[in-house]
Amino acid sequence: MFAKRTNWNLTPNRLSEALAAHRAAGKPLLDLTVSNPTESGFEYDGVAILDALRNPAALSYEPNPKGLESARRAVAGYYADRKEEVSAEDIFLTTSTSEAYSYIFRTLCDPGDELLIPSPSYPLFDFLADIQDVSLVRYPLLYDHGWQIDFHALEQAITSRTRGVIVVNPNNPTGHFAKRAEIAKLNFICSARGIAIIADEVFLDFVLEGERPASFAANRGAPTFTLSGLSKICGLPQMKAAWLIASGPREWKREALARLEVIADTYLSVNAQVQLAMPKFLEVRHAFQEQVIDRVRRNLAELDRQLAANKAVSRLNVEGGWCAVLRVPATGSDEDLAIDLLTTQGVSAHPGHFYEFSAEGFLIVSLITSVGVFAEGMTRLLTAF
Ligand SMILES: Cc1ncc(COP(=O)(O)O)c(C=O)c1O
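Because the structure is a prediction, the values reported are computed rather than measured. (Residues numbered from 1 in each chain as written. Predicted model: local features only at pLDDT ≥ 70, side-chain atom pairs only at ≥ 80, totals over all residues. Heavy atoms only, no water.)

A. Region of the structure containing the overall build of the chain. Check the secondary structure of the chain and you find 13 helices and 14 strands. A compact globule built from 385 residues should have a C-alpha radius of gyration of about 21 Å, and the chain, at 21 Å, falls within 12% of that. Overall, the chain is about 55 × 55 × 50 Å in size when its C-alpha atoms are taken along their principal axes. Per-residue burial over the chain gives 54% buried out of 385 residues. In the chain, of all internal contacts separated by at least 6 residues, the share reaching a separation of at least 24 is 75%. A total of about 17,500 Å² of accessible surface is found on the chain, and carbon and sulfur atoms cover 52% of it. A gap of 1 Å separates the mean positions of the 37 positive and 46 negative side-chain charges of the chain. (Helix = DSSP H or I, 4+ residues; strand = E, 2+ residues; numbered from the N terminus. Rg over C-alpha atoms; globule rule 2.2 N^0.38 Å. Buried < 20%, exposed > 50% of the residue type's maximum accessible area, 1.4 Å probe, protein only. Contact = heavy atoms within 4.5 Å. Areas by Shrake-Rupley, 256 points an atom, 1.4 Å probe, with all protein chains shown as cover. Lys, Arg positive; Asp, Glu negative; His and termini not counted. Charge placed at Lys NZ, Arg CZ, Asp CG, Glu CD.)

B. Inspection of the pairing of strand S7 (residues 196-200) at higher detail. Most of S7 sits inside the fold, with 5 of its 5 residues counted as buried. Side chains Ala 196, Ile 198 and Asp 200 project from S7 onto one buried face, and the interleaved Ile 197 and Ala 199 project onto a second face that is buried too. Examined bridge by bridge, strand S6 (residues 162-168) and S7 share 5 bridges and lie parallel to one another. Directly across from Val 168, in S7, lies its bridge partner Asp 200. Pairing between S7 and strand S8 (residues 224-229): 4 bridges, direction parallel. (Pairing = 2+ DSSP bridges.)

C. Up close: a nonpolar patch on the surface. A contiguous nonpolar patch, built from Leu 124, Phe 127 and Ile 131 and spanning about 250 Å² of accessible area, is present on the exposed surface. Locating Ile 131 in the fold gives a position in helix H5 (residues 125-131). Since its relative accessible area comes to 43%, Ile 131 is described here as partly exposed. (Patch = residues over 30% accessible without salt bridge, like charges linked within 9 Å, V, L, I, M, F, W, Y side chains within 5 Å. Salt bridge = Lys/Arg side-chain N within 4 Å of Asp/Glu carboxyl O.)

D. Representation of the packing of helix H11 (residues 285-307) against helix H13 (residues 371-383). Closest axis-to-axis distance for the H11/H13 pair is 10 Å, and the angle between their directions is 25°. One finds that H11 runs roughly parallel with respect to H13. Of the two possible hands of crossing, H11 and H13 adopt the one that is right-handed. For the pair H11 and H13, the contacting residues are Arg 295, Arg 298, Asn 299, Glu 302, Leu 303, Gln 306 and Leu 307 in the first and Val 371, Phe 374, Ala 375, Met 378, Thr 379 and Leu 382 in the second. When the residues that make up the contact of H11 with H13 are grouped by side-chain class, the tally is 7 nonpolar, 3 polar and 3 charged. (Axes fitted to C-alpha atoms, helices over the stretch in contact; angles between N-to-C directions. Parallel < 35°, antiparallel > 145°, perpendicular 65-115°, else oblique. Left-handed = near helix turned anticlockwise from the far one by under 90°. Nonpolar A, V, L, I, M, F, W, Y, C, P; charged D, E, K, R; others polar.)

E. Layout of the site of the ligand. For the ligand, the full set of nearby residues is Ser 96, Thr 97, Ser 98, Tyr 122, Val 168, Asn 172, Asp 200, Val 202, Phe 203, Ser 231 and Lys 232. One nitrogen or oxygen atom from the side chain of Asp 200 is found 2.6 Å from a nitrogen atom belonging to the ligand. A distance of 3.2 Å separates an oxygen atom of the ligand from a polar atom in the side chain of Ser 231. Taken by itself the ligand offers 400 Å² of open surface, and the protein chains cover 86% of this. Listing elements by their share of the shell around the ligand, those giving two or more residues are helix H4 (97-108) and helix H8 (230-233). Among the residues forming the shell around the ligand, the class breakdown is 4 nonpolar, 5 polar and 2 charged. (Near = heavy atom within 4 Å. Polar contact = N/O pair within 3.5 Å; in protein donor to acceptor, adjacent residues only side chain to side chain.)

F. Structural context of the sheet that holds S6. Overall, mixed pairing links the 8 strands, which are arranged S2-S9-S8-S7-S6-S3-S4-S5 in an open sheet. At either end of the open sheet lies a strand with only one pairing partner, and these are strand S2 (91-94) and strand S5 (147-149). With strand direction ignored, the average angle separating the axes of adjacent strands in the sheet is 25°. Note that strand S3 (residues 114-119) and strand S4 (residues 135-143) share 6 bridges and pair parallel. Of the residues in S4, the one forming a bridge with Ile 117 is Arg 138. Lying on the sheet, helix H7 (residues 180-193) is in contact with S5, S6 and S7; it crosses S7 at an angle near 145°.

G. Expanded view of the nonpolar core. Residues Val 292, Leu 303, Leu 326, Val 365, Met 378 and Leu 381 are the most contacted members of the largest nonpolar core, which totals 32 residues. Contributions of two or more residues to this core are made by H11, strand S11 (323-327), helix H12 (334-345), strand S14 (362-366) and H13. It is H11 that contributes the most residues to this core, 7 residues altogether. For Leu 303, the contacting residues outside a window of four places in its chain are Arg 315, Ala 324, Leu 326, Phe 374 and Met 378. (Core = buried A, V, L, I, M, F, W, Y, C linked by side-chain atoms within 4.5 Å.)

H. Looking closely at the pairing of S4. Pairing geometry for S4 and S5, over 3 bridges, is antiparallel. Note on S5: the bridge partner recorded for Tyr 143 is Trp 147.

I. Molecular detail of empty space enclosed by the protein. Overall, the coordinates contain 1 cavity of 30 Å³ or more when judged by the stated rule. Put simply, the largest cavity is a space of about 70 Å³. Around the largest cavity, the lining residues are Pro 118, Tyr 139, Leu 141, Ile 149, Ile 166, Val 167, Val 168, Asn 171, His 176, Phe 177, Ala 178 and Glu 182. When contributions to the lining of the largest cavity are tallied by element, the ones reaching two or more residues are S4 and S6. (1 Å grid on protein atoms, 1.4 Å probe; cavity = no way out; pocket = protein on both sides within 12 Å on 5 of 7 lines; lining within 4 Å. Points joined across faces, edges and corners; volume = space filled by probe spheres on them.)

J. Local environment of the sheet that holds strand S13 (residues 350-351). One open sheet accounts for 4 strands, arranged S10-S11-S14-S13; its pairing is antiparallel. In this open sheet, the two strands that pair with only one neighbour each are strand S10 (314-315) and S13. Pairing of S11 with S14 involves 5 bridges; the strand directions are antiparallel. Its bridge partner being in S14, Arg 327 is matched across the sheet by Phe 362.

Put into structure tokens, the structure is as follows:
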């Protein structure tokens, strides 16, 4: 009686079973997979955040498919701070970037249409695509003097059913940004083929090296949707506020905004309190971001210190984001390795296949782990090699 799109294999994999057993046995765990900023020991301005939720304007209902103008202006202000010109009229507020993806997929794709996604990347895409009846086709990222898009493979992956190319900027977990030359090439390919760029920029502000990376938010060279939200930028995933921005050729944008407006008007999903609080939430992001970047830098320095004494393991370059990718000897499956690390060392790390790495020999660790746990977890992890 259920839809085929929900025929997921929901049996836990061996690693999640091992993790559940480890926790049930009450054994100590050095968790190097943490991604929840509210549980990671960062200091928030709790008074300012809670005060912002007590706005009397929330007592009246002002339905607007794009979201309250004050909140959209605050989002436009976030881009103005980055010297990117975005109009509040081109912004739709959503409860999460996942919801923004669903609006975009619904706007662009008929059932069975295809979207290109980077590999490796963020694992939620498969579910988002299944739920919207969209097929995902992966295009490889290559690691050669840093991460790069394999444009030859990307172009070969485009078919008559392709509706868009997803770019995660910076990508999770590889932590690399789209370079200006890559953006130009994506614009060239996508505008020539009449397909959209869908840019996920939830980690855009977490830059570790080099100059400020470009955002896609004001990209005019191809039909473009840019997504971001408070979950990473402000470390407030529980507030459920995100957005999407349409930019690109004028006629295309007008049509895209009109269609999106019908979808957004059907749901009107973001609640009033949170929209009214968004200007304040965005204002307090700097203090959060400084702590995260400081933590990430300290953990990376500790990682490098420990790796200097280990010949078997190295790390890939990290330009930004919250993760590091470790290159480990590919003597077995990454899943077996992750289970072994858990049972013998009490350390939890993600195996590369979790992020669709095409080969064995990769582990992913979270750089927002508290510094003490990170240092001890890495020491234990490295004793396995
Ligand atoms: C690349 C990427 N996009 C989006 C999200 C989730 O964002 P949201 O909480 O707004 O759905 C994540 C969460 O880890 C992510 O890694």
